[in-house]
Amino acid sequence: MLPLPQFRQIIPGLGLSLAMAIPALGLERLQQHFLGWVALDGLVVAIMTGIVLHSLFGLAEHFRAGVTFAAKTVLEVAIVLLGGTISAAAVLQIGPVVVAAIVLVVVIALGLSYGIGRALGLDARLATLVACGNSICGNSAIMATAPVIKAPAEDVAASIAFTAALGVLVVLLLPLGVRLLGISEWQYGVIAGLSVYAVPQVLAATVPVGVMSTQIGTLVKLIRVLMLGPVVLGLGLLQKNRPRGVLPFSALVPWFILGFIAMMGARSLGLLPEAAIPALQDVSSCLTLVAMAALGLSVDLRSVMASGGRVLAAGFLSVVMLILLAIGAAFVLA
(Lines give C-alpha, C1' and ligand atoms only; values in the text may rest on other atoms or scores of the structure.)
Protein backbone atom coordinates (compact mmCIF):
# COMPACT_ATOMS: atom_id res chain seq x y z
CA MET A 1 0.00 0.00 0.00
CA LEU A 2 1.52 3.32 -1.05
CA PRO A 3 1.69 6.13 1.53
CA LEU A 4 -0.71 8.98 0.75
CA PRO A 5 2.00 11.48 -0.35
CA GLN A 6 3.48 8.95 -2.80
CA PHE A 7 0.02 8.05 -4.06
CA ARG A 8 -0.66 11.70 -4.82
CA GLN A 9 2.61 11.94 -6.72
CA ILE A 10 1.73 9.12 -9.09
CA ILE A 11 -1.84 10.25 -9.87
CA PRO A 12 -0.97 12.74 -12.69
CA GLY A 13 1.30 10.38 -14.63
CA LEU A 14 -0.91 7.36 -14.02
CA GLY A 15 -3.91 9.37 -15.18
CA LEU A 16 -2.08 10.49 -18.32
CA SER A 17 -1.16 6.89 -19.14
CA LEU A 18 -4.76 5.81 -18.60
CA ALA A 19 -6.06 8.70 -20.72
CA MET A 20 -3.84 7.54 -23.59
CA ALA A 21 -4.76 3.87 -23.17
CA ILE A 22 -8.54 4.39 -23.38
CA PRO A 23 -8.65 5.82 -26.95
CA ALA A 24 -6.06 3.22 -28.04
CA LEU A 25 -8.39 0.48 -26.78
CA GLY A 26 -11.35 2.22 -28.41
CA LEU A 27 -9.57 2.33 -31.76
CA GLU A 28 -8.79 -1.37 -31.48
CA ARG A 29 -12.44 -2.20 -30.72
CA LEU A 30 -13.62 -0.07 -33.66
CA GLN A 31 -11.32 -1.95 -36.01
CA GLN A 32 -12.62 -5.26 -34.72
CA HIS A 33 -16.21 -4.09 -35.13
CA PHE A 34 -15.98 -2.65 -38.63
CA LEU A 35 -13.15 -4.70 -40.16
CA GLY A 36 -13.61 -7.98 -38.32
CA TRP A 37 -9.90 -7.94 -37.40
CA VAL A 38 -7.36 -5.59 -35.85
CA ALA A 39 -4.98 -3.94 -38.32
CA LEU A 40 -3.27 -1.69 -35.76
CA ASP A 41 -3.17 -3.11 -32.24
CA GLY A 42 -4.06 -0.85 -29.33
CA LEU A 43 -0.72 -1.60 -27.66
CA VAL A 44 1.12 -0.25 -30.68
CA VAL A 45 -1.06 2.86 -30.77
CA ALA A 46 -0.45 3.49 -27.07
CA ILE A 47 3.32 3.08 -27.35
CA MET A 48 3.69 5.24 -30.46
CA THR A 49 1.46 7.98 -29.07
CA GLY A 50 3.56 8.13 -25.92
CA ILE A 51 6.84 8.30 -27.85
CA VAL A 52 5.56 11.08 -30.11
CA LEU A 53 4.21 13.14 -27.19
CA HIS A 54 7.40 12.86 -25.16
CA SER A 55 9.72 13.48 -28.11
CA LEU A 56 7.79 16.55 -29.31
CA PHE A 57 6.72 18.18 -26.05
CA GLY A 58 8.81 16.52 -23.33
CA LEU A 59 7.39 15.13 -20.10
CA ALA A 60 6.61 17.55 -17.27
CA GLU A 61 8.19 16.69 -13.93
CA HIS A 62 4.87 16.14 -12.15
CA PHE A 63 4.01 13.35 -14.61
CA ARG A 64 7.24 11.38 -14.18
CA ALA A 65 6.51 9.50 -10.96
CA GLY A 66 3.18 8.21 -12.23
CA VAL A 67 4.54 7.31 -15.67
CA THR A 68 7.38 5.36 -14.06
CA PHE A 69 4.90 3.61 -11.76
CA ALA A 70 2.68 2.65 -14.69
CA ALA A 71 5.54 1.49 -16.91
CA LYS A 72 7.06 -0.66 -14.17
CA THR A 73 4.71 -1.59 -11.33
CA VAL A 74 1.46 -1.75 -13.33
CA LEU A 75 3.17 -4.01 -15.87
CA GLU A 76 4.57 -6.21 -13.13
CA VAL A 77 1.07 -6.63 -11.66
CA ALA A 78 -0.16 -7.55 -15.16
CA ILE A 79 2.48 -10.28 -15.31
CA VAL A 80 1.48 -11.66 -11.91
CA LEU A 81 -2.16 -11.85 -13.03
CA LEU A 82 -1.10 -13.52 -16.26
CA GLY A 83 0.42 -16.31 -14.18
CA GLY A 84 -3.09 -17.26 -13.10
CA THR A 85 -4.00 -18.06 -16.71
CA ILE A 86 -1.20 -20.63 -17.12
CA SER A 87 -1.12 -24.07 -15.55
CA ALA A 88 1.91 -26.15 -14.60
CA ALA A 89 0.92 -28.54 -17.40
CA ALA A 90 1.77 -25.80 -19.91
CA VAL A 91 5.21 -25.40 -18.32
CA LEU A 92 5.86 -29.13 -18.46
CA GLN A 93 5.01 -29.07 -22.15
CA ILE A 94 8.08 -26.88 -22.77
CA GLY A 95 10.35 -29.71 -21.72
CA PRO A 96 14.07 -29.90 -20.89
CA VAL A 97 15.16 -29.57 -24.53
CA VAL A 98 13.57 -26.14 -24.84
CA VAL A 99 15.05 -25.06 -21.50
CA ALA A 100 18.49 -26.17 -22.69
CA ALA A 101 17.97 -24.25 -25.95
CA ILE A 102 17.07 -21.09 -24.00
CA VAL A 103 20.23 -21.34 -21.91
CA LEU A 104 22.33 -21.96 -25.02
CA VAL A 105 20.85 -18.96 -26.86
CA VAL A 106 21.50 -16.68 -23.87
CA VAL A 107 25.12 -17.84 -23.54
CA ILE A 108 25.81 -17.44 -27.27
CA ALA A 109 24.08 -14.06 -27.35
CA LEU A 110 26.14 -12.80 -24.39
CA GLY A 111 29.38 -13.71 -26.12
CA LEU A 112 28.43 -12.35 -29.52
CA SER A 113 26.92 -9.13 -28.14
CA TYR A 114 30.03 -8.47 -26.07
CA GLY A 115 32.20 -9.15 -29.11
CA ILE A 116 30.15 -6.77 -31.26
CA GLY A 117 30.47 -4.02 -28.66
CA ARG A 118 34.21 -4.43 -28.36
CA ALA A 119 34.64 -4.54 -32.14
CA LEU A 120 32.81 -1.21 -32.37
CA GLY A 121 35.15 0.38 -29.83
CA LEU A 122 33.10 0.18 -26.63
CA ASP A 123 35.10 -0.33 -23.45
CA ALA A 124 34.75 -3.61 -21.60
CA ARG A 125 32.22 -2.39 -19.03
CA LEU A 126 29.92 -0.68 -21.53
CA ALA A 127 30.12 -3.70 -23.84
CA THR A 128 29.19 -5.92 -20.88
CA LEU A 129 26.15 -3.77 -20.05
CA VAL A 130 24.97 -3.85 -23.67
CA ALA A 131 25.48 -7.61 -23.84
CA CYS A 132 23.58 -8.32 -20.60
CA GLY A 133 20.76 -5.92 -21.46
CA ASN A 134 20.39 -7.42 -24.92
CA SER A 135 20.74 -11.09 -24.00
CA ILE A 136 18.78 -11.32 -20.74
CA CYS A 137 16.22 -8.72 -19.76
CA GLY A 138 16.99 -5.16 -20.80
CA ASN A 139 17.05 -2.50 -18.07
CA SER A 140 16.76 -5.01 -15.23
CA ALA A 141 19.91 -6.81 -16.37
CA ILE A 142 21.75 -3.52 -16.89
CA MET A 143 20.82 -2.23 -13.44
CA ALA A 144 21.75 -5.53 -11.78
CA THR A 145 25.05 -5.77 -13.65
CA ALA A 146 26.23 -2.16 -13.32
CA PRO A 147 27.19 -2.16 -9.61
CA VAL A 148 28.87 -5.55 -9.92
CA ILE A 149 31.25 -4.41 -12.69
CA LYS A 150 31.45 -0.83 -11.29
CA ALA A 151 30.09 0.72 -14.49
CA PRO A 152 30.05 4.57 -14.54
CA ALA A 153 26.73 6.39 -14.62
CA GLU A 154 27.17 7.56 -18.23
CA ASP A 155 27.61 3.96 -19.40
CA VAL A 156 24.45 2.92 -17.56
CA ALA A 157 22.50 5.84 -19.06
CA ALA A 158 23.71 5.06 -22.59
CA SER A 159 22.84 1.36 -22.20
CA ILE A 160 19.37 2.11 -20.88
CA ALA A 161 18.77 4.59 -23.72
CA PHE A 162 19.44 1.96 -26.37
CA THR A 163 17.32 -0.57 -24.46
CA ALA A 164 14.37 1.83 -24.34
CA ALA A 165 14.49 2.62 -28.04
CA LEU A 166 15.36 -0.77 -29.51
CA GLY A 167 13.11 -2.61 -27.05
CA VAL A 168 10.10 -0.67 -28.27
CA LEU A 169 11.17 -1.16 -31.90
CA VAL A 170 11.33 -4.94 -31.42
CA VAL A 171 7.89 -4.94 -29.78
CA LEU A 172 6.41 -3.03 -32.72
CA LEU A 173 8.06 -4.94 -35.58
CA LEU A 174 8.34 -8.51 -34.30
CA PRO A 175 4.62 -9.40 -34.76
CA LEU A 176 5.03 -8.75 -38.49
CA GLY A 177 7.30 -11.78 -38.60
CA VAL A 178 4.33 -14.09 -38.05
CA ARG A 179 3.03 -13.37 -41.54
CA LEU A 180 6.45 -13.02 -43.19
CA LEU A 181 7.82 -16.31 -41.85
CA GLY A 182 4.59 -18.30 -41.86
CA ILE A 183 5.30 -19.66 -38.38
CA SER A 184 2.95 -21.08 -35.75
CA GLU A 185 1.86 -19.26 -32.61
CA TRP A 186 4.06 -21.62 -30.56
CA GLN A 187 7.13 -20.79 -32.66
CA TYR A 188 6.39 -17.08 -32.46
CA GLY A 189 6.08 -17.34 -28.68
CA VAL A 190 9.54 -18.93 -28.53
CA ILE A 191 11.00 -16.20 -30.78
CA ALA A 192 9.41 -13.40 -28.76
CA GLY A 193 10.45 -14.93 -25.44
CA LEU A 194 14.04 -15.27 -26.65
CA SER A 195 14.42 -11.87 -28.28
CA VAL A 196 12.23 -9.27 -26.54
CA TYR A 197 14.15 -7.40 -23.85
CA ALA A 198 11.83 -7.11 -20.86
CA VAL A 199 9.28 -9.56 -19.47
CA PRO A 200 6.46 -6.98 -19.67
CA GLN A 201 7.28 -6.18 -23.29
CA VAL A 202 6.74 -9.83 -24.20
CA LEU A 203 3.05 -9.22 -23.52
CA ALA A 204 3.00 -6.30 -25.93
CA ALA A 205 4.73 -8.36 -28.62
CA THR A 206 2.61 -11.50 -28.21
CA VAL A 207 -0.90 -10.40 -27.21
CA PRO A 208 -1.68 -9.22 -30.78
CA VAL A 209 -0.70 -12.67 -32.11
CA GLY A 210 -2.65 -14.98 -29.82
CA VAL A 211 -3.07 -16.61 -26.42
CA MET A 212 -0.68 -19.47 -27.19
CA SER A 213 2.07 -17.02 -28.20
CA THR A 214 1.50 -14.98 -25.04
CA GLN A 215 1.73 -17.98 -22.74
CA ILE A 216 4.74 -19.61 -24.42
CA GLY A 217 6.52 -16.28 -24.87
CA THR A 218 6.08 -15.41 -21.19
CA LEU A 219 7.29 -18.80 -20.01
CA VAL A 220 10.34 -18.73 -22.30
CA LYS A 221 11.15 -15.19 -21.22
CA LEU A 222 10.84 -16.04 -17.52
CA ILE A 223 13.32 -18.88 -17.94
CA ARG A 224 15.61 -16.46 -19.79
CA VAL A 225 15.32 -13.92 -16.95
CA LEU A 226 16.32 -16.55 -14.42
CA MET A 227 19.69 -16.61 -16.21
CA LEU A 228 20.32 -13.17 -14.68
CA GLY A 229 21.24 -14.73 -11.33
CA PRO A 230 24.04 -17.00 -12.60
CA VAL A 231 25.33 -14.33 -15.01
CA VAL A 232 25.51 -11.57 -12.37
CA LEU A 233 27.05 -13.99 -9.89
CA GLY A 234 29.63 -15.06 -12.47
CA LEU A 235 30.51 -11.45 -13.33
CA GLY A 236 30.92 -10.73 -9.63
CA LEU A 237 33.31 -13.62 -9.20
CA LEU A 238 35.36 -12.40 -12.18
CA GLN A 239 35.91 -8.96 -10.65
CA LYS A 240 39.37 -8.53 -9.16
CA ASN A 241 38.17 -6.19 -6.41
CA ARG A 242 34.69 -7.56 -5.95
CA PRO A 243 32.74 -6.52 -2.82
CA ARG A 244 32.37 -9.09 -0.10
CA GLY A 245 29.00 -10.50 0.82
CA VAL A 246 26.13 -12.09 -1.03
CA LEU A 247 23.90 -10.40 -3.57
CA PRO A 248 20.34 -9.96 -2.27
CA PHE A 249 17.84 -12.50 -3.56
CA SER A 250 15.64 -9.66 -4.88
CA ALA A 251 18.46 -8.61 -7.21
CA LEU A 252 18.50 -12.05 -8.80
CA VAL A 253 14.78 -12.92 -8.89
CA PRO A 254 12.34 -9.97 -9.23
CA TRP A 255 9.18 -10.10 -7.09
CA PHE A 256 6.83 -10.30 -10.04
CA ILE A 257 8.44 -13.52 -11.23
CA LEU A 258 7.73 -15.04 -7.82
CA GLY A 259 4.18 -13.68 -8.05
CA PHE A 260 3.76 -15.15 -11.53
CA ILE A 261 4.92 -18.55 -10.27
CA ALA A 262 2.62 -18.33 -7.23
CA MET A 263 -0.42 -17.52 -9.39
CA MET A 264 0.49 -20.31 -11.79
CA GLY A 265 0.72 -22.67 -8.82
CA ALA A 266 -2.69 -21.55 -7.59
CA ARG A 267 -4.17 -22.23 -11.03
CA SER A 268 -2.54 -25.66 -11.19
CA LEU A 269 -3.81 -26.64 -7.72
CA GLY A 270 -7.36 -25.62 -8.59
CA LEU A 271 -7.39 -22.69 -6.15
CA LEU A 272 -8.49 -20.36 -8.96
CA PRO A 273 -11.90 -21.17 -10.47
CA GLU A 274 -12.00 -21.62 -14.23
CA ALA A 275 -14.60 -18.84 -14.45
CA ALA A 276 -12.00 -16.37 -13.16
CA ILE A 277 -9.45 -17.11 -15.90
CA PRO A 278 -11.02 -14.91 -18.64
CA ALA A 279 -11.33 -12.05 -16.15
CA LEU A 280 -7.66 -12.37 -15.18
CA GLN A 281 -6.73 -12.33 -18.86
CA ASP A 282 -8.81 -9.21 -19.54
CA VAL A 283 -7.51 -7.30 -16.52
CA SER A 284 -3.93 -8.27 -17.36
CA SER A 285 -4.42 -7.06 -20.96
CA CYS A 286 -5.92 -3.72 -19.83
CA LEU A 287 -3.12 -3.10 -17.34
CA THR A 288 -0.61 -3.93 -20.06
CA LEU A 289 -2.20 -1.35 -22.35
CA VAL A 290 -1.90 1.36 -19.68
CA ALA A 291 1.70 0.37 -19.03
CA MET A 292 2.57 0.41 -22.72
CA ALA A 293 1.30 3.99 -22.97
CA ALA A 294 3.58 4.83 -20.04
CA LEU A 295 6.46 2.97 -21.68
CA GLY A 296 6.06 5.16 -24.75
CA LEU A 297 6.01 8.25 -22.54
CA SER A 298 9.32 7.11 -21.06
CA VAL A 299 11.12 7.23 -24.42
CA ASP A 300 12.58 10.47 -25.74
CA LEU A 301 14.03 9.91 -29.20
CA ARG A 302 16.27 12.97 -28.79
CA SER A 303 17.96 11.47 -25.71
CA VAL A 304 18.36 8.15 -27.49
CA MET A 305 20.14 9.77 -30.41
CA ALA A 306 22.38 11.70 -28.01
CA SER A 307 23.55 8.48 -26.32
CA GLY A 308 26.07 7.84 -29.05
CA GLY A 309 26.12 6.14 -32.42
CA ARG A 310 28.44 3.31 -31.39
CA VAL A 311 26.18 2.24 -28.52
CA LEU A 312 23.12 2.29 -30.76
CA ALA A 313 25.00 0.43 -33.49
CA ALA A 314 26.15 -2.22 -31.00
CA GLY A 315 22.62 -2.53 -29.65
CA PHE A 316 21.04 -2.75 -33.09
CA LEU A 317 23.48 -5.39 -34.39
CA SER A 318 23.07 -7.36 -31.15
CA VAL A 319 19.27 -7.27 -31.49
CA VAL A 320 19.44 -8.52 -35.09
CA MET A 321 21.80 -11.29 -34.03
CA LEU A 322 19.54 -12.27 -31.13
CA ILE A 323 16.43 -12.39 -33.31
CA LEU A 324 18.25 -14.60 -35.84
CA LEU A 325 19.33 -16.94 -33.03
CA ALA A 326 15.73 -17.02 -31.73
CA ILE A 327 14.30 -17.79 -35.17
CA GLY A 328 16.81 -20.57 -35.64
CA ALA A 329 15.96 -22.05 -32.24
CA ALA A 330 12.23 -21.87 -32.96
CA PHE A 331 12.58 -23.77 -36.23
CA VAL A 332 14.90 -26.39 -34.72
CA LEU A 333 12.57 -26.96 -31.76
CA ALA A 334 9.36 -27.09 -33.80
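Being a predicted model, the structure only gives us computed values, none of them experimental.

Describe in detail the overall build of the protein, supporting the description with residues and values.
Per the secondary structure count, the protein includes 17 helices and 0 strands. Across the 334 residues of the protein, 51% fall into the buried class. For the protein, the proportion of contacts with a sequence separation of at least 24, taken over those separated by at least 6, is 80%.

Kindly report on the packing of helix H5 (residues 124-137) against helix H6 (residues 139-149), identifying the contributing residues and their values.
Where H5 meets H6, the closest approach of the two axes is 8 Å, and the angle between their N-to-C directions is 145°. Note on packing geometry: the crossing formed by H5 with H6 is right-handed. The residues of H6 that touch H5, namely those facing Arg 125, Thr 128, Leu 129, Cys 132, Gly 133, Ile 136 and Cys 137, are Asn 139, Ser 140, Ala 141, Ile 142, Thr 145, Ala 146 and Ile 149. Taken together, the residues of the contact of H5 with H6 break down into 8 nonpolar, 5 polar and 1 charged.

Account for the pattern of salt bridges, with residues named and values stated.
Within the structure shown, the criterion is met by 3 salt bridges. Between Glu 76 and Lys 72 there is a salt bridge, and its shortest N-O distance comes to 3.1 Å. Linking Glu 76 with Lys 72, this pair stays in helix H3 (residues 61-83), spanning 4 residues, or about one helical turn. When the shortest N-O distance is used, the salt bridge between Arg 267 and Glu 274 registers 3.6 Å. Judged by its relative accessible area of 18%, Arg 267 falls in the buried class. Taking relative accessible area as the criterion, Glu 274 reaches 54% and is therefore assigned exposed.

A description of unusual backbone geometry should follow, citing residues and the corresponding values.
In the Ramachandran plot, Lys 150 falls in the positive-phi region, its phi being about 60° despite a non-glycine side chain. With respect to the helices and strands, the residue Lys 150 is situated in the loop between H6 and helix H7 (153-173). Judged by its relative accessible area of 44%, Lys 150 falls in the partly exposed class.

Summarise helix H14 (residues 255-268); cite the residues concerned and give the values.
Taking 1.5 Å per residue as the helical rise, H14 with its 14 residues ought to reach 20 Å, and the 20 Å between its terminal C-alpha atoms agrees with that figure. When H14 is considered as a whole, its buried residues turn out to be Phe 256, Ile 257, Gly 259, Phe 260, Met 263, Met 264, Ala 266 and Arg 267.

Talk me through a nonpolar patch on the surface; I want residue IDs and the actual numbers.
Taken together, Leu 169, Leu 173, Leu 176, Leu 180, Leu 181 and Phe 331 make up a surface patch of nonpolar side chains, about 600 Å² in accessible area. Per element, the largest residue contribution to the nonpolar patch is 3 residues, and it comes from helix H8 (residues 176-181). Relative to the elements of secondary structure, Leu 173 occurs in helix H7. On the basis of relative accessible area, Leu 173 is assigned to the partly exposed category, the value being 47%.

Tell me what's going on with the nonpolar core, and back it up with residues and numbers.
Counting residues in each nonpolar core, the largest one holds 106 residues, and the members touching the most others are Leu 194, Val 196 and Phe 260. Among residues more than four places away in sequence, those in contact with Phe 260 are Ile 79, Val 80, Leu 82, Gly 83, Ile 86, Thr 218, Leu 219 and Leu 222.

Account for the packing of H3 against H14, naming residues and giving values.
Where H3 meets H14, the closest approach of the two axes is 6 Å, and the angle between their N-to-C directions is 20°. As summarised for this structure, H3 and H14 are arranged roughly parallel, according to the angle between their axes. Here the hand of the crossing between H3 and H14 comes out right-handed. Contacts between H3 and H14 pair Glu 76, Val 77, Ile 79, Val 80, Leu 81, Leu 82 and Gly 83 from the former with Trp 255, Phe 256, Gly 259, Phe 260, Met 263 and Met 264 from the latter.

Could you give an account of the confidence of the model for the protein, with specific residues and numbers?
This prediction gives the protein a mean pLDDT of 82; 88% of its residues lie at or above 70. Averaged over each element, pLDDT in the protein is lowest for helix H13 (residues 249-252) (56) and highest for helix H9 (residues 185-195) (91).

Account for H9, naming residues and giving values.
Burial runs high along H9: 9 of the 11 residues are buried. Among the residues of H9, Gln 187, Tyr 188, Gly 189, Val 190, Ile 191, Ala 192, Gly 193, Leu 194 and Ser 195 are the ones counted as buried.

Report on the environment of Ala 24, specifying residues and quantitative values.
With respect to the helices and strands, the residue Ala 24 is situated in helix H1 (residues 4-35). With 265 residues separating them in the primary sequence, Ala 24 and Leu 289 have C-alpha atoms 8.3 Å apart. If near-sequence neighbours (up to four positions away) are discounted, Ala 24 is found in contact with Gly 42, Val 45, Ala 46 and Leu 289.

About the thresholds
Residues numbered from 1 in each chain as written. Predicted model: local features only at pLDDT ≥ 70, side-chain atom pairs only at ≥ 80, totals over all residues. Heavy atoms only, no water. Helix = DSSP H or I, 4+ residues; strand = E, 2+ residues; numbered from the N terminus. Buried < 20%, exposed > 50% of the residue type's maximum accessible area, 1.4 Å probe, protein only. Contact = heavy atoms within 4.5 Å. Axes fitted to C-alpha atoms, helices over the stretch in contact; angles between N-to-C directions. Left-handed = near helix turned anticlockwise from the far one by under 90°. Nonpolar A, V, L, I, M, F, W, Y, C, P; charged D, E, K, R; others polar. Salt bridge = Lys/Arg side-chain N within 4 Å of Asp/Glu carboxyl O. Expected span 1.5 Å × (residues − 1). Patch = residues over 30% accessible without salt bridge, like charges linked within 9 Å, V, L, I, M, F, W, Y side chains within 5 Å. Areas by Shrake-Rupley, 256 points an atom, 1.4 Å probe, with all protein chains shown as cover. Core = buried A, V, L, I, M, F, W, Y, C linked by side-chain atoms within 4.5 Å. Parallel < 35°, antiparallel > 145°, perpendicular 65-115°, else oblique. pLDDT = per-residue confidence, 0-100.

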